[in-house]
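# Topology and contacts: notes
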Amino acid sequence: MAAAPVRADPGRTPTVNIHTPASDPAADETATLARPTQAEAEEAVRTLLRWAGDDPRREGLLDTPKRVASAYREWFCGYEDDPVELLARSFEEVEGYDEMVVLRDIRLESMCEHHMCPIIGKAHVAYLPNGRVVGISKLARVVEAYGKRLQIQEKMTAQIANTLLDVLQPKGVAVVIEAVHQCMTTRGVHKSGVSMVTSRMLGAFRDDPSTRREFMSIIQGPRGSGEG
Ligand SMILES: Nc1nc2c(ncn2[C@@H]2O[C@H](COP(=O)(O)OP(=O)(O)OP(=O)(O)O)[C@@H](O)[C@H]2O)c(=O)[nH]1
Ligand SMILES: [Zn+2]
C-alpha cells in the first residue's frame with residue numbers, strides 16, 4: 001500500500017515565535033521576530049568578528065560585514081522559495097511513460113542548524129510517474145529550496161520526498177542524500193572523510209523491494225563522462 005502523503009512544508013519564510021516576559025501580556029507568545037535591517041545584520045557580524053578576537057575597524061575587515069550579509073542572502077535564499085510552486089508545472093504528454101525517473105548526483109549545499117556550518121554533498125531523487133512528469137530541473141530546484149536553509153539532514157531528506165509526493169502524486173518517491181558536515185570535520189569531533197547518508201522511500205520505493213533495488217543500483221552504478 002502506498003504511504004499516505006504528508007502535507008508538505010509550503011516553504012514560506014518562517015516566522016519565529018519569541019518568548020516574551022509574563023509582565024508584558026500584550027506582546028504574547030505569537031509575537032513575530034521581524035527580519036532585521038541590513039545595518040543590524042552588519043552590526044551582528046561586527047560583534048562576531050570581535051568574538052573571534054579580531055578588530056572590525058581594521059582595513060581588511062571594514063567591508064566584511066557587508067559581504068557576510070550578502071553571502072547570507074545566497075546561503076539562505078531557500079526561505080524565499082516555495083517548493084510546491086516550483087513543481088506546479090508538469091507535462092502529461094508522456095506516451096504512457098511510467099518507468100522510474102532518477103536525477104542523481106545533484107550537488108547539495110546546505111547549512112547545519114546547530115553550528116551554521118556547511119553541509120556539502122549530493123542528493124539523488126527519483127519518482128515513479130503517475131500520468132505526468134515534471135521538468136527535471138525542478139527536482140534540483142526543490143533540493144536547492146530546502147538545502148539553502150538552516151537544516152538537519154534527516155529533515156531536509158524528508159521535506160524533499162514529502163513535497164514530491166504531495167505535489168506530483170506519483171506512485172512512489174525516493175530521496176537519498178550523502179553529505180559531509182563541516183561541523184564534524186573542522187571542529188568538535190574532527191572526523192574527516194565521514195559522510196552521512198539519509199534516505200526516504202515512499203510508495204512503491206518503500207513497498208516494493210525490486211523498485212527500491214533498481215533505484216539503488218541506478219544511483220550506485222557507473223557514471224558517464226559527466227560532460228553535456
Ligand atoms: N542528526 C543530525 N545531527 C547533526 C546534523 N548536523 C549536525 N548534527 C549534530 O548535532 C549535534 C549537536 O550536538 P551538541 O552536543 O548539542 O553540540 P556540540 O557540543 O557542538 O557537539 P559536537 O559537534 O559533538 O562538539 C552534533 O552531534 C552534530 O554532529 C544533522 O544534519 N543531523
Ligand atoms: Zn553542526
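- Looking at an unreviewed UniProt entry, one finds the chain named GTP cyclohydrolase 1 and attributed to Neoroseomonas terrae.

### Focus: the overall build of the chain
- Broken down by element type, the chain carries eight helices and seven strands.
- By sequence separation, contacts in the chain at least 24 residues apart represent 70% of the contacts at least 6 residues apart.

### Section: the site of ligand 1
- Residues in contact with ligand 1, as listed here, are C112, H114, I152, Q153, E154, H181, C183, M184, G188 and V189.
- Elements with a minimum of two residues in the shell around ligand 1: α5 (153–168) and α6 (182–185).
- Its residues placed into classes, the shell around ligand 1 shows five nonpolar, four polar and one charged.

### Overview of the UniProt feature "domain: GTP cyclohydrolase I" (unreviewed entry) in the chain
- Annotation from UniProt places "domain: GTP cyclohydrolase I" (unreviewed entry) at residues 42–219.
- The annotated region residues 42–219 carries 42% helix and 26% strand content, and the separation between its end C-alpha atoms amounts to 43 Å.

### Points about the UniProt feature "binding site: Zn(2+)" (unreviewed entry) in the chain
- Per the UniProt record, "binding site: Zn(2+)" (unreviewed entry) is annotated on C112, H115 and C183. A maximum C-alpha distance of 7.7 Å places the annotated residues, which cover 72 residues in sequence, within one compact spot.
- Residue placement: C112 occurs in strand β2 (residues 101–112).
- Residue C112 is classed as partly exposed on the basis of its 18 C-beta neighbours within 10 Å.
- If we ignore the near neighbours within four places in the chain, the residues touching C112 are C117, I119, Q151, I152, H181 and C183.
- If you trace the backbone, H115 turns up in the loop between β2 and β3 (118–128).

Scoring rules and cut-offs
Residues numbered from 1 in each chain as written. Chains lettered and ligands numbered in written order. Predicted model: local features only at pLDDT ≥ 70, side-chain atom pairs only at ≥ 80, totals over all residues. Helix = DSSP H or I, 4+ residues; strand = E, 2+ residues; numbered from the N terminus. Contact = placed C-beta atoms within 7 Å. Near = placed C-beta within 6 Å. Nonpolar A, V, L, I, M, F, W, Y, C, P; charged D, E, K, R; others polar. UniProt positions renumbered as here; feature names shortened; annotations may be inferred. Buried ≥ 20, exposed ≤ 12 C-beta atoms within 10 Å, placed from the backbone.

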